[in-house]
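This is what each chain is made of:
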Amino acid sequence: MMKNAAENAVEVAGLTVVRGRREVLHGLDFTIPVGQVTGLLGPSGCGKSTLMRVLVGVQAGVTGTVTVFGEAAGAKSLRHRIGYVTQDPSVYDDLSITENLAFFARVLGLDRAEATRCIEAVDLVDHADDVVAQLSGGQRSRASLAVALLGNPSLLVLDEPTVGLDPVLREDLWNKFHELAAAGVAVLVSSHVMDEAERCDRLLLMRDGVFLADGTPTEIKQQAGAPDIEHAFLSIVRGAA
Amino acid sequence: MNPRITAAIAARVLTQLRRDHRTLAIMLVLPCLLISLLWWMFDDLPGNSFDRVGPALLAMFPFIVMFLVTSVTTLRERSGGTLERLLAMPMGKLDFLFGYAIAFGLVAAVQSALAVGISVGLLDLTIVGPVWLLTVVAVADAVLGSALGLFVSAFARTEFQAVQFMPAIVIPQILLCGLFVPRPALPGLLEAISDVLPLSYAVDAMQHLTRSTSTGEVWGDLAVVAAYAVAGLALGAGTLRRRSQ
């Protein structure tokens, strides 16, 4: 089970999160390797966003060991190395895409060329000077993704980045994620849509704050004896009940 | 704290304001209109009542407007996820606070320059002391308003609630600042309360400048307002948690 530390961007042991008086993550152990797209799949409310917030270091009430590139999650030195997209597009509605990117680039100490590169990477060049409030939902979430790409982070934490996108765009984005993974980035993508599972190199299936399964899509389907991930999910839940 | 990041935040806030023509107009033009209205109200009265209330109003505008604008904009940052994103980046809390304070301080400087210019130039408000110092008091006042607005935004869930904090925090200060009843003439307890409210000192400073060329007292009042602004920013920093529920 022990892997070489260099291969894993994230190593987590005994992760428990308490929000208010409720425990929402119940003792999770997992790793996220570099160079792969790891999918975090589960129904909404199962704890996906909380888990992602833990990795980025903005979640309170965390116990257990969470290391990112060998350091405790949330360490100052990690803030340059993680690209994070929250569930709602966290960009400024009243600024244009270029202005948003230029601002976040300045905060990160990067130049305008880097801002332009990231706008190109999410295919928003045609809308670069449009104010975000005038964009469609999909364009907004791509603008938010562009911010996460600034400075070539080594770990990308993307909370439901493909929700509500047109299938063609979704395809493009998944290709983009695999491109980044191929370049050595550790990509963690959450989704509540089970049919996105097949696009991931590896899956963490989640329900009610625990993992139901951890493996490649093929492995999970074989173990559950199901034709697709949706059925695998169902048969694991029913098998456990 | 990092000057590059602080400047980036200040510049961004100013760009957002520039985009928002309506807010900008309200921030810059409305104080001028209101002070003109006040002048007009007193126009037919004997004596120079405008000289008595005008300066107090010049102290209030930057405070009220910046309080409102900051509480709503920072609430938006908190609820819209942009604050969380910034906190996950190498941004210090003080970068965020000072970025806002600088941007709104600049707007307040323009706002007060306009309001003071109209009051002194068009409406014949008598200012015996240095006019530039009046603007300095107004800027300190604006930063105070921003600092308090930032602080209360932590206790509001919606913009609707944030706006409700205005009457709670601002109106008592307006009532007790010496505009309606001179502070020494207030009942003992209320005078004591007005002594710990920052707006009282800003109004004192403004009124002093209309009557006297001495600036010693003004700097004293200014120091009190600045101290409150710093305390407000410190409280605001306490409400910016990198890790949250």
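What counts and how
In this numbering scheme, every chain counts its residues from 1 along its sequence in written order. By the order in which they are written, chains take letters starting at A while ligands take numbers starting at 1. Side-chain atom pairs in this predicted model are given and counted only at pLDDT of 80 or more, local residue features only at pLDDT of at least 70, and totals for whole chains, interfaces and linings cover all residues. Hydrogen atoms and water are omitted, and side-chain values are computed over all heavy atoms in the structure. Strands here are runs of E lasting at least two residues and helices are runs of H or I lasting at least four, both read from the DSSP assignment and numbered beginning at the N terminus. We compute the radius of gyration over the C-alpha atoms and compare it with the globule rule, which gives 2.2 Å times the number of residues raised to the power 0.38. Relative accessible area decides the class of each residue, using a 1.4 Å probe on protein chains only: under 20% of the type maximum gives buried, over 50% gives exposed, and in between gives partly exposed. Here the accessible surface of atoms and residues is derived via Shrake-Rupley with a 1.4 Å probe, and residues count as covered only by protein chains that are part of the display. By definition in these notes, contact holds between two residues if any of their heavy atoms fall within 4.5 Å. Whether two aromatic rings pair depends on their centres lying within 6.5 Å, for rings of Phe, Tyr and Trp, where Trp uses its six-membered ring; planes under 30 degrees apart make the pair stacked, over 60 edge-to-face, and the rest tilted. Salt bridges are identified by distance alone: a Lys or Arg side-chain nitrogen within 4 Å of an Asp or Glu carboxyl oxygen. Detection works on a 1 Å grid of protein atoms alone, calling trapped sets that fit a 1.4 Å probe cavities and calling open sets with protein on both sides within 12 Å along at least five of seven lines pockets, with lining residues defined by an atom within 4 Å of a point. Grid points are joined across faces, edges and corners, and a volume is the space filled by probe spheres set on the points. Lys, Arg, Asp and Glu make up the charged group, whereas Ala, Val, Leu, Ile, Met, Phe, Trp, Tyr, Cys and Pro make up the nonpolar group; the residues left over, Gly among them, are polar. Charged residues are defined here as Lys and Arg on the positive side and Asp and Glu on the negative side; His and the ends of the chain fall outside this count. The rule for pairing is simple: two strands pair if DSSP sees at least two bridges between them. Only the contacting stretch of a helix is used when fitting its axis, a line to C-alpha atoms as for every element, and angles between N-to-C directions run 0 to 180 degrees.

A closer look at the overall build of chain B
Assigned secondary structure in chain B consists of 11 helices and 0 strands. Secondary structure elements in chain B, listed N-terminal to C-terminal, are α-α-α-α-α-α-α-α-α-α-α. Taken over the C-alpha trace, chain B has a radius of gyration of 18 Å; the compact-globule value for 245 residues is 18 Å, and the two agree within 12%. Considering only C-alpha atoms, chain B reaches an extent of 60 × 40 × 35 Å along its principal axes. For chain B, with 245 residues in total, the buried portion stands at 52%. Put simply, chain B shows about 10,600 Å² of open surface, and 70% of that area lies on carbon and sulfur atoms.

Description of the overall build of chain A
For chain A, the count of helices and strands is 7 helices and 10 strands. Relative to a compact globule of 241 residues, whose C-alpha radius of gyration would be 18 Å, chain A shows 18 Å and is just as compact. Taking the principal axes of the C-alpha coordinates as reference, chain A spans close to 55 × 35 × 35 Å. The buried share of chain A, reckoned over its 241 residues, is 54%. Considering only residue pairs separated by 6 or more positions, chain A has 66% of its internal contacts joining residues 24 or more positions apart.

A short note on the packing of aromatic side chains
All names here are of chain A. For the structure shown, the criterion picks out 9 aromatic pairs over all chains. Geometrically, the ring pair formed by Phe 30 and Phe 211 is edge-to-face, given 5.4 Å between the ring centres and 90° between the ring planes. One end of the pair, Phe 30, is in strand S2 (residues 22-33); the other, Phe 211, is in strand S10 (residues 210-215), and 181 residues separate them in sequence. When its relative accessible area of 4% is taken as the criterion, Phe 30 is described as buried.

What about the pattern of salt bridges?
Residue and element names in this part refer to chain A. By the definition in use, this model includes 14 salt bridges over all chains. The salt bridge involving Lys 221 is made with Glu 198; its shortest N-O contact spans 3.0 Å. Highlighted residues: Lys 221 in helix H6 (residues 217-224) and Glu 198 in the loop between strand S8 (186-191) and strand S9 (202-207), separated in sequence by 23 residues. According to the relative accessible area criterion, Glu 198 is partly exposed, its value standing at 42%.

Considerations on the layout of surface pockets
Approximately 920 Å³ is the volume attributed to the largest pocket. Surrounding the largest pocket, 36 residues form its lining, A:Arg19, A:Arg53, B:Glu84, B:Ser244 and B:Gln245 being those nearest its centre. Of all the secondary structure elements, the ones that give two or more residues to the lining of the largest pocket are S2 and helix H1 (48-56) of chain A together with helix H3 (49-80) and helix H4 (82-87) of chain B. Across the lining of the largest pocket, the residue classes tally to 7 nonpolar, 15 polar and 14 charged. The calculated volume of the second largest pocket comes to roughly 530 Å³. If you go around the second largest pocket, you meet 24 residues; those closest to its centre are A:Asp94, B:Gln16, B:Val72, B:Thr73 and B:Arg76.

Examining the side chain of B:Arg85
Within the secondary structure, B:Arg85 sits in helix H4. Of the buried charged residues, B:Arg85 lacks a salt bridge, with B:Glu84 as the closest side chain of opposite charge at 9.1 Å. Dropping the residues within four chain positions of it, B:Arg85 is found in contact with A:Tyr84, A:Val85, A:Ser90, A:Val91, A:Phe104, A:Ser144, A:Val147 and A:Ala148.

Brief notes about the pairing of S10(A)
Residue and element names in this part refer to chain A. Direction of pairing for S9 relative to S10: antiparallel, over a ladder of 5 bridges. If you follow Met 206 over to S10, its bridge partner there is Phe 211. Linkage of S9 to S10, two consecutive antiparallel strands, is achieved through a turn of 2 residues, within which Asp 208 is found at a positive phi near 50°.

Comments concerning the environment of A:Val24
Residue and element names in this part refer to chain A. Along the chain, Val 24 falls in strand S2. Accessibility expressed as a relative area gives 11% for Val 24, which makes it buried. In this structure, the C-alpha to C-alpha distance between Val 24 and Asp 208, residues 184 residues apart in sequence, is 7.3 Å. Residue contacts for Val 24: discarding those within four places in its chain leaves Val 17, Arg 19, Cys 46, Thr 50 and Gly 209.

Things to note about the sheet that holds S10(A)
All names here are of chain A. On the basis of which strands lie adjacent, the open sheet formed by 6 strands has the order S6-S7-S8-S3-S9-S10 and mixed pairing. Two strands close off the open sheet at either side, each with one partner strand: strand S6 (82-85) and S10. Here the average twist between neighbouring strands, direction ignored, is 15°. Pairing between strand S7 (residues 155-158) and S8: 4 bridges, direction parallel. Of the residues in S8, the one forming a bridge with Leu 158 is Val 189. Each of strand S3 (37-41), S6, S7, S8, S9 and S10 is contacted by H1, which is oriented at about 155° to S8, the strand it contacts most. Each of S9 and S10 touches H6; the most contacted strand, S10, lies at about 110° to it.

Observations concerning unusual backbone geometry
Residue and element names in this part refer to chain A. For Phe 69, which is not a glycine, the phi torsion comes out positive at approximately 50°. Locating Phe 69 in the fold gives a position in the loop between strand S4 (62-68) and strand S5 (71-72). If you check the backbone angles, Glu 160 has positive phi at about 50° while not being a glycine. Secondary-structure assignment places Glu 160 in the loop between S7 and helix H5 (167-182). For Glu 160, a relative accessible area of 7% corresponds to the buried category.

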